[in-house]
There are 2 protein chains.
Amino acid sequence: MTGKVTIKDVAKAAGVSEATVSRALSHNPRVKRDTRQKVQNIASNLGYHPNGLARSIRVQQTHTLGVIIPDILNAFFTHLSRAIEDAASRSGYDVVLVNTDESLAKEASALNLLLEKQVDGIIITSAGGPTDYAAILGSTPAVFVDRMPPNVQDTPYDRVLVDNVQGTQAIVTRLIQQGAQRVGIINSAVSFTASERLTGYQKALTAAGQEPDAAIEATAREDNSNVQQMTRQLLINQKCDGLFVGDNTIMEEVLRKLPDLNLPHLQLGGFDDQDWFDFLPQPIVTAKQPIAELGQTAIDRLLAKIADPDLLPKEIRLSATTISR
Amino acid sequence: MTGKVTIKDVAKAAGVSEATVSRALSHNPRVKRDTRQKVQNIASNLGYHPNGLARSIRVQQTHTLGVIIPDILNAFFTHLSRAIEDAASRSGYDVVLVNTDESLAKEASALNLLLEKQVDGIIITSAGGPTDYAAILGSTPAVFVDRMPPNVQDTPYDRVLVDNVQGTQAIVTRLIQQGAQRVGIINSAVSFTASERLTGYQKALTAAGQEPDAAIEATAREDNSNVQQMTRQLLINQKCDGLFVGDNTIMEEVLRKLPDLNLPHLQLGGFDDQDWFDFLPQPIVTAKQPIAELGQTAIDRLLAKIADPDLLPKEIRLSATTISR
DNA sequence: CTGAAAGCGCTAACAG
DNA sequence: CTGTTAGCGCTTTCAG
């Protein structure tokens, strides 16, 4: 904890009461110009930094928001947390970010940590468990972003989500239009987004008069250790000439395998866009998520809920954009 | 702020004193098994979460460390902050991370924020200004990582740095060994690392019997907006057949320009490694920084300093690894 | 315009 | 083994 210069020291040095120091430093108008000046000078000379904990405990709010993210190394979440921070900062809120590594246990302790830090609200990208959020959160406002846990339908929380069905359908449809006859899928292990993306994939096939085929619907392990082998399975054994990839981490593994397979006419598509896809040798079509809007909307809803706890929960869907390279 | 169930509520419901609740919940041995059980049950039934602010203010430490990072979207810093978090978490510390966007003003408010949050210590990747850290930090321990501000030499802070000179020299030497006759440099705008990397570059040239030439030493703008043009300048106008690039963000712009220039025999090298360099069509040699060690070492030093404020400051240099693709 | 005093929620003596 | 009390640093009535 920092050096011990407190409001009391400043008060003593300035020859005024603690109350006056407090007022002077918080730009309270009911204090003489001179007094304010003197107090401010002395405070900065002494290197006084108000103790935010003491303040928060007194005013019963921290002006801090908690953010729970499953994997900060995943570029999508890096950008999402940045978007959330920017949006929060625009509204004058600080942010404490916690990683869960997709682990329910870590998510639970993250939640506890944030609650103990008395954050004014929490933004959660859920690790997907059947956690009883309402029981843990109590009266702390929260909004779910990107992923919705299974039982959250009837809970009092907002959800800010991407339209995974539409986004996936658009991409798979594009692959088919570009000539793919048989499009496989390597989906992610994350239940919420994966099931929506699978639906989008199947709708695209059906709309094109094709029959979904379980033999070319694969699911990656959480650590993606089986992706390269699945890529071969779908593209060689199953003779797919199109492939939809469930997220950017899986895509990286697929790209790692492709050169071995030498398939110049493969139609490749996937969720999540990355700048460096510009440098890839093969064409690729991606669903770029509206990350900035996701962050801003989540913050807007959370702050609204903090301001008015009776606000009714909403589910908001934002659309992904299809990008062809 | 969270629902208002406090230690007092638990005490009342359990028919004991607040002190006993506190003891029971903090596994203090001096409390009867039965009482502890009862208290724990009641606490969890009530959905009690201890108020960490109140606790911290009382015990005069937060068990939280602050981390100041210039750009969380830069992959190097994403990984560095993750490494720091992991190391901190291993020692039971929480982390609050703040972005500065390389702005001195934002760095100043980040520092203030962390100080007001009463963090036990701070890890700083400096935006590079002449900030008087000692004046701001007071007695809060801090360590500098990756970059050292100009005036920190004689201040009481540890520095954990990469050996930029050696790392750069190794790469440029490699480029020359591979046949480059004239190696240019596009350096970053960050003064600390840039000047060290320039030194390494020049040492490599000199060691190879070449004369450094200011005409092929370029510096990128902070937003890299002039990098593509510089790439052309060095590779076409100045006829460089080798190029050293100061960091990964600049490298991305260089890579964006290269296809236009059609230089199949270019010897390309740069600081910072990225996984996706695997997918590049041309060869590239990079300096991979020891990020995990950087984070762990910084945390080790910081915790040591927290434990013993009289610890003498040290400067630690870690080596980068040369990777050829 | 300023001061005195109370109290936010918690833990650490000190008693018992 | 448990209760009483004081106090961490701050803001906010309530008086003046």
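Every chain is numbered on its own, with residues counted from 1 as its sequence reads. All chains are assigned letters beginning at A, and all ligands numbers beginning at 1, according to the order in which they are written. Thresholds applied to this predicted model are a pLDDT of at least 70 for local features of residues and 80 or more for the giving and counting of side-chain atom pairs; totals over whole chains, interfaces and linings are not thresholded and use all residues. Side-chain calculation: all heavy atoms of the structure are included, whereas hydrogens and water are not.

For chain A, the name recorded in an unreviewed UniProt entry is LacI family DNA-binding transcriptional regulator, with Levilactobacillus lanxiensis as its organism.

1. A few points about the overall build of chain A
Numbered from the N terminus, helices here are DSSP runs of H or I no shorter than four residues, and strands are runs of E no shorter than two. Of the regular secondary structure elements, chain A holds twelve helices and twelve strands. Here the radius of gyration uses the C-alpha set of atoms, whereas the globule reference equals 2.2 Å times the residue count to the power 0.38. The C-alpha radius of gyration computed for chain A amounts to 25 Å, which surpasses the reference 20 Å derived for 325 residues by more than 25%, pointing to a less compact arrangement than a globule. Here the C-alpha coordinates of chain A stretch approximately 85 × 40 × 30 Å along the principal axes. Accessibility here uses a 1.4 Å probe with only protein chains present; expressed as a share of the type maximum, an area under 20% marks a residue as buried, one over 50% as exposed, and anything in between as partly exposed. Buried residues in chain A amount to 52% of all 325 residues. When checking whether two residues touch, look at their non-hydrogen atoms; a contact exists if any pair is within 4.5 Å. Restricting the contact set of chain A to residue pairs at least 6 apart, pairs at least 24 apart contribute 66%. Only the protein chains shown count as cover for residues, and the accessible areas themselves come from Shrake-Rupley with a 1.4 Å probe. In the structure as shown, chain A presents an accessible area of about 14200 Å², 49% of it carried by carbon and sulfur atoms. All tallies of charge rest on Lys and Arg as positive and Asp and Glu as negative; His and the ends of each chain are not included. The atoms used to mark charge sites are NZ of Lys, CZ of Arg, CG of Asp and CD of Glu. With 32 positive and 37 negative side-chain charges, chain A shows a spacing of 10 Å between the two charge centroids.

2. Side note on the relation of the copies chain B and chain A
We place the copies in one frame by least squares, fitting the C-alpha atoms of every residue whose pLDDT is at least 70 in both. Rotating chain B by 180° and moving it 0.0 Å along the rotation axis overlays it on chain A with an RMSD of 0.1 Å. What the rotation and shift describe, once combined, is the action of a two-fold rotation axis. Both copies share a contact surface, since 100% of the interface residues of chain B are interface residues in chain A too.

3. A word on the packing of aromatic side chains
Residues and elements named next belong to chain B. For Phe, Tyr and Trp, where Trp contributes only its six-membered ring, two rings pair if their centres lie within 6.5 Å, and the inter-plane angle classes them as stacked under 30 degrees, edge-to-face over 60, or tilted in between. Counted according to the given criterion, the structure contains eleven aromatic pairs over all chains. An angle of 70° between the planes, with centres 5.8 Å apart, marks the rings of Phe144 and Tyr157 as edge-to-face. Taken together, the residues Phe144 in strand 4 (residues 142-145) and Tyr157 in the loop between strand 4 and strand 5 (158-162) connect sequence positions 13 residues apart. You'll find Phe144 and Tyr157 in the same group, each marked buried.

4. Description of the side chain of Gln274(B)
Within the element layout of this structure, Gln274(B) appears in the loop between strand 9 (267-271) and strand 10 (285-288). Ignoring sequence-local partners within four residues, the contact set of Gln274(B) consists of Ala75(B), Asn248(B) and Arg325(B).

5. Quick notes on the packing of helix 2 (residues 18-25) of chain B against helix 3 (residues 33-46) of chain B
All names here are of chain B. Remark: helix 2 packs on helix 3, axes separated minimally by 9 Å, with the N-to-C direction vectors making an angle of 90°. In terms of orientation, helix 2 and helix 3 fall into the roughly perpendicular class. In contact with Thr20, Val21, Ala24 and Leu25 of helix 2, helix 3 contributes Thr35, Arg36, Val39, Gln40 and Ala43. The axes used here are C-alpha line fits, helices contributing only the stretch in contact, and every angle between their N-to-C directions lies in the interval 0 to 180 degrees. Each angle is binned into one of four classes, with values under 35 degrees roughly parallel, values over 145 roughly antiparallel, values of 65 to 115 roughly perpendicular, and all other values oblique.

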